[in-house]
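What follows is the residue order along each chain.
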Amino acid sequence: AGSNAEHLLHRRVAALLSHGGGCSRYLCVHSKDLITLPENAFPTSNQDMVHLLSTYMTAYQCLDRALPDIDQTFCGATDLMGLDSDDFGPRSPLSGSCVLINGAGSTVGLALVELAKNAGTVFALSHSSYEQPIREMGAREWYPLFRKNEWREEWSGKMDVIIDTVGD
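This write-up is about the structure you can find in this document. (Residues numbered from 1 in each chain as written. Predicted model: local features only at pLDDT ≥ 70, side-chain atom pairs only at ≥ 80, totals over all residues. Heavy atoms only, no water.)

## Examining the packing of aromatic side chains
Logical step 1: All told, the structure shown has three aromatic pairs when counted by the stated rule.
Logical step 2: Judged by centre distance (5.3 Å) and plane angle (65 degrees), the rings of Tyr 143 and Trp 155 are edge-to-face. Of the two residues, Tyr 143 sits in strand β5 (residues 141-144) while Trp 155 sits in helix α4 (residues 148-155), which places them twelve residues apart along the sequence.
Logical step 3: When its relative accessible area of 4% is taken as the criterion, Trp 155 is described as buried.
Logical step 4: Measuring from ring centre to ring centre gives 6.0 Å for Trp 151 and Trp 155, while their planes differ by 45 degrees; the resulting arrangement is tilted. (Phe/Tyr/Trp six-rings, centres within 6.5 Å; stacked < 30°, edge-to-face > 60°. Helix = DSSP H or I, 4+ residues; strand = E, 2+ residues; numbered from the N terminus. Buried < 20%, exposed > 50% of the residue type's maximum accessible area, 1.4 Å probe, protein only.)

## Thoughts on the nonpolar core
Logical step 1: If you look at the biggest cluster of nonpolar residues, it comprises 21 residues, and the most contacted ones within it are Leu 63, Ile 101, Leu 112, Val 113 and Ile 134.
Logical step 2: Elements that contribute at least two residues to this core include exactly α1 (46-66), β3 (98-102), α2 (107-116), β4 (121-126) and β6 (161-164).
Logical step 3: Core analysis: the second largest hydrophobic core is formed by eight residues, Leu 100, Tyr 143, Trp 151 and Met 159 among them. (Core = buried A, V, L, I, M, F, W, Y, C linked by side-chain atoms within 4.5 Å.)

## Comments concerning the environment of His 7
Logical step 1: Following the sequence through the fold, His 7 ends up in the segment before β1 (13-15).
Logical step 2: His 7 sits in the exposed class, given a relative accessible area of 53%.
Logical step 3: Linking His 7 and Ser 31, residues 24 residues apart in sequence, is a C-alpha distance of 9.9 Å.

Structural data, given as structure tokens:
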């Protein structure tokens, strides 16, 4: 766990794993890969906190891996913890980009919308029942998935990043 990990004993923590293993019940990690969870944080159950972190880390990693090989990282995720993203280095390489999220109504899709809006303009595709929450999360443009010809024609050539959570 590391030589300076005593302050983490008897605390609620979560591990931020870059190479998988996050669904394990027990795991040996270095203390530098842990974040302390607030005792009074919502959601209060460990299972709910794991779901929240897993969803947003998946979304974060999708955006981070979609970037070109630039020596910077996507900083939008810092807003989730109530931190000031200016404290974490340069602005996102996605700044000013147009990001298309296919399947934006899923839990990961909604997290993608929330994180991507911090960097650029979000275009979203989903089932019509998800339009309102997607727009509330920050998508500027939305189309239902079944109207492919319309959104393809209107958005053709405008996207800098496309993330497909549906696989369709």
